[in-house]
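Coordinate inspection notes
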Amino acid sequence: VQLQASGGGLVQAGGSLRLSCAASGRPFSSYIMGWFRQAPGKEREFVAGINWDGGTTYYEDSVKGRFTISRDNAKNTVYLQMNSLKPEDTAVYYCAASTRGYVGTQSIRYDYWGQGTEVTVSS
């Protein structure tokens, strides 16, 4: 599967952005999908994940209540709605797809990766 992330940009603290990740290839609904991020000088970290039908979601603690992951299998797209953004959310955000049957929080659990989209939150 090929993944194409988009929607990043520069936003002020407190603002919102919606990231999208379009998939092509194998039936999209068969994949667990996740969003990760990597800030300068830091390791890549899990942000959010969603199971095949959207019925199960997981979030990293610092984004709970602010970010929402969702998917539209008819459009082969997963989204990350980010509200109340903080400067510490600044990072390159990556979408990833997993063929495993559960939502994992470790990057090693994901088989395919998009190219990343940059999010910068100014204070």
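Refer to the preceding data block for the structure.
Quick summary incoming for the structure in this document. Values in this document were obtained by computation on a predicted structure and should not be read as measured data.

This brings us to the overall build of the protein. Check the secondary structure of the protein and you find 0 helices and 11 strands. On C-alpha atoms alone, the protein measures out to a radius of gyration of 13 Å, which is about the 14 Å that the 2.2 N^0.38 rule sets for 123 residues. The buried share of the protein, reckoned over its 123 residues, is 41%. Here the analysis covers contacts within the protein between residues at least 6 apart in sequence; of these, 56% occur between residues at least 24 apart. Accessible area for the protein stands at about 6,200 Å²; split by element, carbon and sulfur atoms hold 45% of it.

Here strand β7 (residues 67–72) shows a clear split, with Phe67, Ile69 and Arg71 buried on one side and none of Thr68, Ser70 and Asp72 buried on the other. In this sheet, strand β8 (residues 77–82) lies alongside β7 in antiparallel orientation, the contact comprising 6 bridges. Residue pairing across strands places threonine 68 opposite glutamine 81, the latter belonging to β8. The hairpin turn running from β7 into β8, its antiparallel successor, is 4 residues long, and asparagine 76 in that turn takes a positive phi close to 55 degrees.

Time to look at the environment of glycine 49. By the secondary structure assignment, glycine 49 is in strand β5 (residues 45–50). Of the residues examined, glycine 49 reaches a relative accessible area of 0% and is grouped as buried. With residues up to four places along the chain from it excluded, the contact list for glycine 49 reads Met33, Gly34, Thr56, Thr57, Tyr58, Ile69 and Val103.

We now examine the nonpolar core. Formed by 28 residues in total, the largest nonpolar core has its most connected members in Met33, Trp35, Leu80, Met82 and Tyr93. Secondary-structure elements contributing two or more residues to this core are β1 (2–6), β3 (17–24), β4 (32–38), β5, β7, β8, β9 (91–98) and β11 (117–122). Among the nonpolar cores identified, the runner-up in size contains 6 residues, and Phe36, Phe46, Ala96 and Tyr110 belong to it.

This next bit is on the pattern of salt bridges. Inspection of the entire model under this criterion finds 5 salt bridges. Residue aspartate 89 is joined to arginine 66 by a salt bridge in which the shortest nitrogen-to-oxygen separation is 2.8 Å. Of this pair, aspartate 89 sits in the loop between β8 and β9 while arginine 66 is found in the loop between β6 (57–59) and β7, placing the two residues 23 residues apart along the sequence. Exposure class is identical for aspartate 89 and arginine 66. Each is buried. A cluster of three or more residues bridged by salt bridges with shared partners is formed by Arg37, Glu45, Arg66 and Asp89.

Take the packing of aromatic side chains next. A ring pair, where both rings are aromatic, is described by two values, the distance of the centres and the angle of the planes. By the definition in use, this model includes 5 aromatic pairs. An aromatic cluster is defined as three or more aromatic residues linked by ring pairs; in this entry it consists of Phe36, Phe46, Tyr110 and Trp113. The aromatic ring of tyrosine 79 is capped on one face by arginine 18, whose charged end is 3.9 Å from the ring centroid. Sitting over the ring of phenylalanine 28, arginine 71 keeps its end group 4.5 Å from the ring centre.

With that out of the way, let us pick up the pairing of β11. By the alternation rule, side chains of β11 split into Thr117, Val119 and Val121, which are all buried, and Glu118, Thr120 and Ser122, of which none is buried. Examined bridge by bridge, strand β2 (residues 9–12) and β11 share 4 bridges and lie parallel to one another. When the bridges of β11 are listed, glutamine 12 appears paired with serine 122. With 3 bridges connecting them, β9 and β11 associate as antiparallel partners. Bridging across to β11, alanine 91 finds its partner in valine 119.

Thresholds, definitions, all that
Residues numbered from 1 in each chain as written. Predicted model: local features only at pLDDT ≥ 70, side-chain atom pairs only at ≥ 80, totals over all residues. Heavy atoms only, no water. Helix = DSSP H or I, 4+ residues; strand = E, 2+ residues; numbered from the N terminus. Rg over C-alpha atoms; globule rule 2.2 N^0.38 Å. Buried < 20%, exposed > 50% of the residue type's maximum accessible area, 1.4 Å probe, protein only. Contact = heavy atoms within 4.5 Å. Areas by Shrake-Rupley, 256 points an atom, 1.4 Å probe, with all protein chains shown as cover. Pairing = 2+ DSSP bridges. Core = buried A, V, L, I, M, F, W, Y, C linked by side-chain atoms within 4.5 Å. Salt bridge = Lys/Arg side-chain N within 4 Å of Asp/Glu carboxyl O. Phe/Tyr/Trp six-rings, centres within 6.5 Å; stacked < 30°, edge-to-face > 60°. Lys NZ or Arg CZ within 6 Å of the ring centre and 35° of its normal.

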